[in-house]
Amino acid sequence: MRTLNDLPDLRGKRVILRCDLNVPIEDGEISDDGRIRASLPTINYLTERGAKVIIISHLGRPDGKPEAKYSLEPVARRLSQLLGNSVEFVPETVGDKANKSVSMLDEGNILVLENLRFNPGETAKDSEARELFAGKLAELGDYFVSDGFGVVHRKQASVYELAKKLPAAAGLLIEAELKVLRRLVNDPERPYVVVLGGSKVSDKLGVIEHLLPKVDSILIGGGMLFTFLAALGHKVGASLLEQDQIETVTGYLAKAKELGVEIVLPVDIVMAAKFDAASEIAIAKANALEETEFGSTGLGLDIGPESAALFASIIEKARTVFWNGPMGVFEMAKFAEGTRVVANALTKVSGLSVVGGGDSAAAVRQLDFKDDQFGHISTGGGASLEYLEGKEMPGLEVLQ
Ligand code: ADP
Ligand code: MG
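Residues numbered from 1 in each chain as written. Chains lettered and ligands numbered in written order. Predicted model: local features only at pLDDT ≥ 70, side-chain atom pairs only at ≥ 80, totals over all residues. Heavy atoms only, no water.

Draft legend 1. Quick look at the packing of aromatic side chains. Going through the model one piece at a time under the given rule, you end up with 1 aromatic pair. Relative to phenylalanine 374, the ring of phenylalanine 369 lies with its centre 6.0 Å away and its plane at 65 degrees, an arrangement referred to as edge-to-face. The class for phenylalanine 369 is buried, based on a relative accessible area of 10%. The exposure class assigned to phenylalanine 374 is buried, which follows from its relative accessible area of 6%. Here the basic side chain of arginine 49 rests over the ring of tyrosine 45, its NZ or CZ set 3.7 Å away from the ring centre. One residue, lysine 155, lies across the ring of tyrosine 160, its end atom 4.7 Å from the ring centre. (Phe/Tyr/Trp six-rings, centres within 6.5 Å; stacked < 30°, edge-to-face > 60°. Buried < 20%, exposed > 50% of the residue type's maximum accessible area, 1.4 Å probe, protein only. Lys NZ or Arg CZ within 6 Å of the ring centre and 35° of its normal.)

Draft legend 2. The arrangement of the packing of helix 7 (residues 201–211) against helix 13 (residues 382–389) in detail. Contact geometry for helix 7 and helix 13: axes closest at 9 Å, N-to-C directions at 25 degrees. Here helix 7 is positioned roughly parallel relative to helix 13, judged by the angle of their axes. The hand of the helix 7/helix 13 crossing is left-handed. Each of Lys204, Val207, His210 and Leu211 in helix 7 lies in contact with helix 13, whose residues at this interface are Leu385, Leu388 and Glu389. Split by residue class, the contact of helix 7 with helix 13 holds 4 nonpolar, 1 polar and 2 charged. (Axes fitted to C-alpha atoms, helices over the stretch in contact; angles between N-to-C directions. Helix = DSSP H or I, 4+ residues; strand = E, 2+ residues; numbered from the N terminus. Parallel < 35°, antiparallel > 145°, perpendicular 65-115°, else oblique. Left-handed = near helix turned anticlockwise from the far one by under 90°. Contact = heavy atoms within 4.5 Å. Nonpolar A, V, L, I, M, F, W, Y, C, P; charged D, E, K, R; others polar.)

Draft legend 3. Structural detail: helix 6 (residues 172–185). Helix length check: helix 6 (14 residues) gives 20 Å between terminal C-alpha atoms against 20 Å at 1.5 Å per residue, within 8%. Every buried residue of helix 6 is listed here: Leu173, Ile174, Glu177, Leu178, Val180, Leu181 and Leu184. Once helix 6 finishes, aspartate 187 follows within two positions and takes phi at roughly 55 degrees, a positive value. (Expected span 1.5 Å × (residues − 1).)

Draft legend 4. View of the site of ligand 1. The local shell around ligand 1 holds 20 residues, among which Ser199, Lys204, Glu331, Asp359 and Ser360 are the closest. Take glycine 300: an N or O atom from its main chain is 3.1 Å from a nitrogen atom of ligand 1. Between ligand 1 and the protein, one listed contact pairs an oxygen atom with a backbone N or O atom of glycine 358 at 3.4 Å. Taken by itself ligand 1 offers 580 Å² of open surface, and the protein chains cover 90% of this. Here the element with the most residues in the shell around ligand 1 is helix 12 (residues 358–366); it accounts for 3 residues. Class assignment of the residues belonging to the shell around ligand 1 gives a composition of 5 nonpolar, 11 polar and 4 charged. (Near = heavy atom within 4 Å. Polar contact = N/O pair within 3.5 Å; in protein donor to acceptor, adjacent residues only side chain to side chain. Areas by Shrake-Rupley, 256 points an atom, 1.4 Å probe, with all protein chains shown as cover.)

Just distances and angles here, no functional claims.
Structure below.
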């Protein structure tokens, strides 16, 4: 893979830097700036060598058009604070304003362009539309540096097509992420435990199949656990459920048995009357979720205390742990306990512990854990999972 060493003579060069600055923002406030901080080493590397740095990123999932709540302006402001340096924000991605601002840059200056996904070409299915948008972006720079690890598994204009249009290299964050993930793939110390949760159920169910032959245990929490309970014939009330995945999940359970790998499901669940921070709650046995006072309208929003203790005991004995996806709706204190107990268990692992995913990283910080209590906090959830699966990653392939 080409790295920063492969870009000769950065002084005075316009370098387009793709970061993943997709941070959680609540009521206009950045609640976890981990991804911004993770981007600093490459930014500093470039400015110290006299490059003109043009930062591009996405934020959230706007629908190919501008939407104020997804503006990168607050991110540019935070970046400026963290760098102790002025950072210009340009309220468009490509066009006259962007051209003009770029042309005014001096050596060592930094600007942030508006959210890439305000442009339909960024995530277009049609490769010509992506090519077209990438072509416009390429006009702004002399070099391209790819450092948005969280998006390297996506074939998107600023990740893939753009890298083909300019001399391109991976940044320091991507290098650092890969160094850790390689240790998880190449002969990991055993027991090797993977913990999965979160809400992107169908995205994450698929990885189980790939991980089964490689790991000793998979612990299932978060939204996907209900599809497993349903596969075992249990009712799940109004909890998150992917009906059309039940058969697939049944297959995973059978395959796990065959391989001698344990898939560990929660034994109890925190049920809520409604999706609300102030909701009434009840602890239910995992095989009797509808037997609370909420009946079939109750929804499971966290793993229960017995399950959390069970998961912790398995994690603490492991020598390698990878965790992606909060165990429950940690944004509400009532449903954060499972995630807290699992996070705490990871801090006690004597081998390598890795936390991956934007929300998972935000969760451990919100729960007051420190980054250095873990072996590594990855900025990418989907990307790190796909790496572990051994899938081709367009954003990395293109840098070979
Ligand atoms: P990551 O960003 O770490 O990859 P995801 O984006 O997949 O994680 O999922 C994070 C989200 O999952 C959180 O916002 C959390 O509220 C949600 N979540 C966790 N458990 C549940 C559940 N039981 N029901 C609904 N949402 C859940
Ligand atoms: Mg997420």
